[in-house]
Amino acid sequence: MKLSIVYSTHQTQFQAATLSGSLEENLSRIAELGYHGVELAIRDPNLVDINNLDTILKKSGLKVPAIGTGQAWGEEGLSFTDPDHSIRKKAVDRILSHIPVAHHFDSVIIIGLIRGTLKPNVSHPQAIEWLVEALQTCCKKAQEFQVRLALEPINRYETSLVNNVTQGLELIAAVEAENFGLLLDTFHMNIEEPDIEESILKCGQRLFHFHVADSNRWYPGAGHLNFQSILSALSAAKYRGFISGEFLPFPNVDEAASKNIEYFTSILPTINVQ
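Description of the structure in this document. (Residues numbered from 1 in each chain as written. Predicted model: local features only at pLDDT ≥ 70, side-chain atom pairs only at ≥ 80, totals over all residues. Heavy atoms only, no water.)

## Considering the overall build of the protein
Alright, step 1. The helix and strand tally for the protein stands at 10 helices and nine strands.
Alright, step 2. Relative to the compact-globule value of 19 Å for 274 residues, the protein shows a C-alpha radius of gyration of 17 Å, a close match.
Alright, step 3. Looking at the protein as a whole, 54% of its 274 residues are labelled buried.
Alright, step 4. Considering only contacts in the protein between residues 6 or more positions apart, those separated by 24 or more positions represent 77%.
Alright, step 5. Counting only carbon and sulfur atoms, one obtains 49% of the accessible surface of the protein, whose full area is about 11,800 Å².
Alright, step 6. Averaging the locations of the 22 positively and 32 negatively charged side chains of the protein gives two centres separated by 4 Å. (Helix = DSSP H or I, 4+ residues; strand = E, 2+ residues; numbered from the N terminus. Rg over C-alpha atoms; globule rule 2.2 N^0.38 Å. Buried < 20%, exposed > 50% of the residue type's maximum accessible area, 1.4 Å probe, protein only. Contact = heavy atoms within 4.5 Å. Areas by Shrake-Rupley, 256 points an atom, 1.4 Å probe, with all protein chains shown as cover. Lys, Arg positive; Asp, Glu negative; His and termini not counted. Charge placed at Lys NZ, Arg CZ, Asp CG, Glu CD.)

## Overview of the pairing of strand 1 (residues 2-8)
Alright, step 1. Most of strand 1 sits out of view: six of its seven residues are buried.
Alright, step 2. Strand direction decides the pairing type here: strand 1 and strand 9 (residues 242-245), joined by four bridges, are parallel. For K2, the partnering residue across the bridge sits in strand 9 and is F242.
Alright, step 3. By the bridge criterion, five bridges tie strand 1 to strand 3 (residues 37-41) in an arrangement that is parallel. Residue pairing across strands places V6 opposite E39, the latter belonging to strand 3. (Pairing = 2+ DSSP bridges.)

## Describing the nonpolar core
Alright, step 1. Of all hydrophobic cores here, the largest spans 75 residues; its most connected members are F80, F180, I200 and F210.
Alright, step 2. Every residue in contact with F180, bar those within four places of it in the chain, is listed here: L135, C139, L149, L151, L171, I172, V175, R206 and F208. (Core = buried A, V, L, I, M, F, W, Y, C linked by side-chain atoms within 4.5 Å.)

## Some remarks on the packing of aromatic side chains
Alright, step 1. If you walk through the whole model with that rule in mind, you get six aromatic pairs.
Alright, step 2. Consider the rings of F227 and F264, whose centres lie 5.7 Å apart with planes at 80°: the pair is edge-to-face. Of this pair, F227 sits in helix 9 (residues 227-236) while F264 is found in helix 10 (residues 253-267), placing the two residues 37 residues apart along the sequence.
Alright, step 3. The class of F227 is buried, set by a relative accessible area of 0%.
Alright, step 4. Its relative accessible area of 0% is what places F264 among the buried residues.
Alright, step 5. Ring-pair connections join several aromatic residues into one group, and the members of that group are W218, Y219 and F250.
Alright, step 6. One residue, R88, lies across the ring of W130, its end atom 4.0 Å from the ring centre. (Phe/Tyr/Trp six-rings, centres within 6.5 Å; stacked < 30°, edge-to-face > 60°. Lys NZ or Arg CZ within 6 Å of the ring centre and 35° of its normal.)

## Some words on the pattern of salt bridges
Alright, step 1. If you walk through the whole model with that rule in mind, you get 12 salt bridges.
Alright, step 2. Between K119 and D82 there is a salt bridge, with its nearest N and O atoms 2.9 Å apart. Of the two residues, K119 is situated in the loop between strand 5 (108-111) and helix 5 (124-144) and D82 in the loop between helix 3 (71-74) and helix 4 (85-105); the sequence distance between them amounts to 37 residues.
Alright, step 3. D82 sits in the buried class, given a relative accessible area of 7%.
Alright, step 4. As a salt-bridge pair, K141 and E144 come within 3.3 Å of each other at their nearest N and O atoms. (Salt bridge = Lys/Arg side-chain N within 4 Å of Asp/Glu carboxyl O.)

## Side note on helix 1 (residues 23-33)
Alright, step 1. By the burial criterion, the buried members of helix 1 are N26, L27 and I30. Axial view of helix 1: buried residues confined to an arc of 95°, hence all on one face. Exposed positions of helix 1 whose direction lies more than 90 degrees from the buried face are E25 and E32. (Arc of directions from axis to C-beta.)

## Describing unusual backbone geometry
Alright, step 1. Between F250 and P251 the backbone carries a cis peptide bond, its omega angle lying at 0°.
Alright, step 2. Following the sequence through the fold, P251 ends up in the loop between strand 9 and helix 10.
Alright, step 3. Here D106, not a glycine, exhibits a phi torsion of approximately 55°, which is positive.
Alright, step 4. Within the element layout of this structure, D106 appears in the loop between helix 4 and strand 5.
Alright, step 5. Here D106 falls in the exposed class, since its relative accessible area comes to 66%.
Alright, step 6. Phi is positive for N121, close to 70°, though the residue is something other than glycine.
Alright, step 7. Tracing the backbone through its elements, the reader meets N121 in the loop between strand 5 and helix 5.

Written out as C-alpha cells, the structure is:
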C-alpha cells in the first residue's frame, strides 16, 4: 500500500481537497514529504495543460492513482441525477472527457458528488435509474481505454444517493460493468458503516481506491479512528492500491500533509500483508 494525497488543479470551494495552488511547487512538496502519488481533483480536463502536468509529474516521480471529479458538481452543479436532461448529459460528457486523461496516467476516475442529490419532485427510484444509465454509458466508454470508475459512498448529510457499502454493491450489481467499483472513505464510513473493517472486507475486489481522514475530517491520527485495524482489514481484503489523504487542511496545509505521512509511515510496517 502506497501513500498519496489530494491536490486540486484549480482553486475550489471544497476544503478537503487539501492542497491547491501552484502546480510545480505543490507536486515538488508532495514528493519531498515522501508521498508516492498525488490524487488529482480536476473539474474540467479541458482547463488543464496535460503535457505540462505530465512533465511535472515525471520530474517529481509521482503517480496519479485517481482523478477526482466532484468539483463539476460543487462549482458547476453538474450531476447524473438532475431532473434537467441537459444537465445530466453535460455531467456524463464531463466524465467521458476524463477518460483519455485517466488512461494516460493509469488512474481510476472517481464518481463522487457528481452523482447528485435527490432533487424535489424526483423519486429515489427515478434518480437511481438515471444514475445507473449514466454509469453504464461512462463505464462502456471507459472500458475501451481500460479505465476503471469508482463511486464513493458519501454520508447522508451530503447526499441521499448511495451512502454505504451495501448500497454501493447494489449499484454495482445494477450497472453490471467489470470496470465499476467503489472508493471507500474513512470519514464517511465512520458515519455510515456499523463496522468499518467488516465493510472493507465486504467490498473485497470491488474496492478500487481508498480515502483516509480521521473522525473529525482532520489528518489521520488527529481523531479517534483505529487506522491500524483499518489497514489490517485492507490487507485482508487484498487491497494493494493507494491510501489517499483527503482531509481538511487544518491546522494548516503543511502540517496536515506532514502529519498524515508521518502517521502512516509509523504504522504501515506493523501491518501484516496478507
